[in-house]
Amino acid sequence: MNITDYLNAKFPGLSLEPPLFYGWKTAIRFELGDPELFGIDGEHYLERVYVRAAELFKALHHPEDDIVLVADAFFTKVSKGQAHKLNLYQRYIKNKKILRHIRMEMIPDDSDESDDASIDPPWYIHRYWLACKTGEIKYMPLIQAICNQDMALRPKMKHRVFFINLTQGTIFHIYDDRGCDVISVTPDTLREVYKKYNGWILEHDREAIDRVFNGKAE
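Computed from a predicted structure; not experimentally measured.

Asker: Where do I start with the overall build of the protein in this structure?
Answerer: Scanning the protein for helices and strands turns up 7 helices and 7 strands. Reading the protein from its N end, one meets helices and strands in the order α-β-α-β-α-α-β-β-α-β-β-β-α-α. The buried share of the protein, taken over its 218 residues, is 44%. Roughly 11,500 Å² of accessible area belongs to the protein as shown, and the carbon and sulfur atoms make up 51% of that amount.

Here it is as structure tokens:
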């Protein structure tokens, strides 16, 4: 499977990078961490983060759904053989036999930092993807690792991770412990999640989200 072709067909014009919410109209941004609790009670802060992230993941991904697990890692341009040394898939995929199907492409890093002439050699996004079933992912420890990226905790995941659900037509991305974005091909796909977890929607973006799911989007 060529993930670029899939994205062009189902999500035309979307750049698979954060923030997904601002790159696609049919989108919801959920708050994971409570800013008022951060720094006061770290244990309960992270407990809420993990619970919310896991609940949203389970609501969006059924065990038999066809998933593409995408990881963006930032490295200098190296040989293809070297670039495949990424332990995310070894650690968080249950069925090791499917690991031989991992694919990778190198994408120039277009961030502001990449324009700095002092950076030599230049950095590239090494985009890995693996097609699998939701049930083949050890999603709970993976979610915790993603949420821990800015914490002094293990496990820790520094790479960008996207869950592309081919069956449901959604993309799920936890950007850090603060929150996550989910986008879909059509509003109907996310309507139940919008209703059930309405209280978790980030208030800053609620008005725009409500317009989409109340049929008032521009």
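Let us keep going from here.
Asker: In this structure, what is going on with the pattern of salt bridges? I would like to understand it.
Answerer: It is possible for side chains of opposite charge to pair when their charged atoms get near one another. One pass over the full model with this rule turns up 9 salt bridges. R178 serves as the salt-bridge partner of D176, at 2.8 Å between the closest nitrogen and oxygen. The exposure class of D176 is buried, given its relative accessible area of 6%. Classification of R178 as exposed rests on a relative accessible area of 52%.

Asker: I'm lost on helix α1 (residues 3-10) in this one. Help?
Answerer: Owing to its 3.6 residues per turn, the α-helix aligns residues three or four sequence positions apart on the same side. Turning to α1, its buried residues are I3, Y6 and L7. The buried residues of α1 occupy one face: seen down the axis, they fall within an arc of 95°. At the N-terminal boundary of α1, the capping side chain belongs to N2, with an oxygen 2.9 Å from the backbone nitrogen of T4.

Asker: How should I be thinking about the nonpolar core in this particular structure?
Answerer: Side chains of a nonpolar character, in soluble globular proteins, are inclined to be buried together. Formed by 67 residues in total, the largest nonpolar core has its most connected members in F30, Y89 and I171. Ranked by the residues each element gives to this core, the list is headed by helix α2 (residues 42-60), at 8 residues. Discounting residues that sit within four places of it in the chain, F30 has contacts with L56, Y175, R178, G179, C180, V182, V193, Y197, W200, I201 and L202.

Asker: Even after reading the chapter, I still don't get the pairing of strand β6 (residues 170-176), so can you show me in this structure?
Answerer: Across a regular strand the side chains alternate sides, sitting on one face of the sheet and then on the other. For β6, the tally of buried residues reaches 7 of 7 residues, placing the bulk of the element in the interior. Hairpin connection, strand β5 (residues 160-165) to β6: the antiparallel pair is bridged by 4 residues, and G169 has positive phi, about 75°. The pairing of β6 with strand β7 (residues 179-184) spans 6 bridges and is antiparallel. When the sheet's bridge partners are listed, I171 is paired in β7 with I183.

Asker: What is the right way to read helix α6 (residues 187-196) from this model?
Answerer: Three or more residues of α6 are buried, namely L190, V193 and Y194. When α6 is viewed along its axis, its buried side chains cluster within an angular range of 105° and face the same direction. Among the exposed residues of α6, those oriented more than 90 degrees off its buried face are D188, E192, K195 and K196.

Asker: Looking at this structure, I do not really get the environment of D181. What am I missing?
Answerer: Looking at the element boundaries, D181 is found in strand β7. With 153 residues separating them in the primary sequence, D181 and I28 have C-alpha atoms 5.8 Å apart. Leave out the neighbours within four places in its chain, and D181 touches P19, L20, F21, I28, R29, I171, F172, H173 and Y175.

Asker: What is the right way to read the packing of aromatic side chains from this model?
Answerer: One pair of aromatic rings is described through two measures. These are the centre distance and the angle between the planes. Summed over the entire model, instances satisfying the criterion amount to 8 aromatic pairs. Here the aromatic rings of F21 and Y22 are separated by 4.9 Å at their centres, their planes lie at 85°, and the arrangement is edge-to-face. In textbook terms, an aromatic cluster arises when at least three aromatic residues are bridged by ring pairs, as seen for F57, Y139, F163 and F172.

Asker: What exactly am I supposed to notice about the environment of Y22 here?
Answerer: With respect to the helices and strands, the residue Y22 is situated in the loop between α1 and β1 (27-31). Placed 183 residues apart in sequence, Y22 and D205 show a C-alpha to C-alpha distance of 10.0 Å. Leave out the neighbours within four places in its chain, and Y22 touches R29, H204 and D205. There is a polar contact of 2.8 Å between the side chain of Y22 and the side chain of D205.

Asker: Any chance you could explain the side chain of D205 here in plain terms?
Answerer: Following the sequence through the fold, D205 ends up in the loop between α6 and α7 (206-213). Ignoring sequence-local partners within four residues, the contact set of D205 consists of F21, Y22 and R29.

Analysis parameters
Residues numbered from 1 in each chain as written. Predicted model: local features only at pLDDT ≥ 70, side-chain atom pairs only at ≥ 80, totals over all residues. Heavy atoms only, no water. Helix = DSSP H or I, 4+ residues; strand = E, 2+ residues; numbered from the N terminus. Buried < 20%, exposed > 50% of the residue type's maximum accessible area, 1.4 Å probe, protein only. Areas by Shrake-Rupley, 256 points an atom, 1.4 Å probe, with all protein chains shown as cover. Salt bridge = Lys/Arg side-chain N within 4 Å of Asp/Glu carboxyl O. Arc of directions from axis to C-beta. Polar contact = N/O pair within 3.5 Å; in protein donor to acceptor, adjacent residues only side chain to side chain. Core = buried A, V, L, I, M, F, W, Y, C linked by side-chain atoms within 4.5 Å. Contact = heavy atoms within 4.5 Å. Pairing = 2+ DSSP bridges. Phe/Tyr/Trp six-rings, centres within 6.5 Å; stacked < 30°, edge-to-face > 60°.

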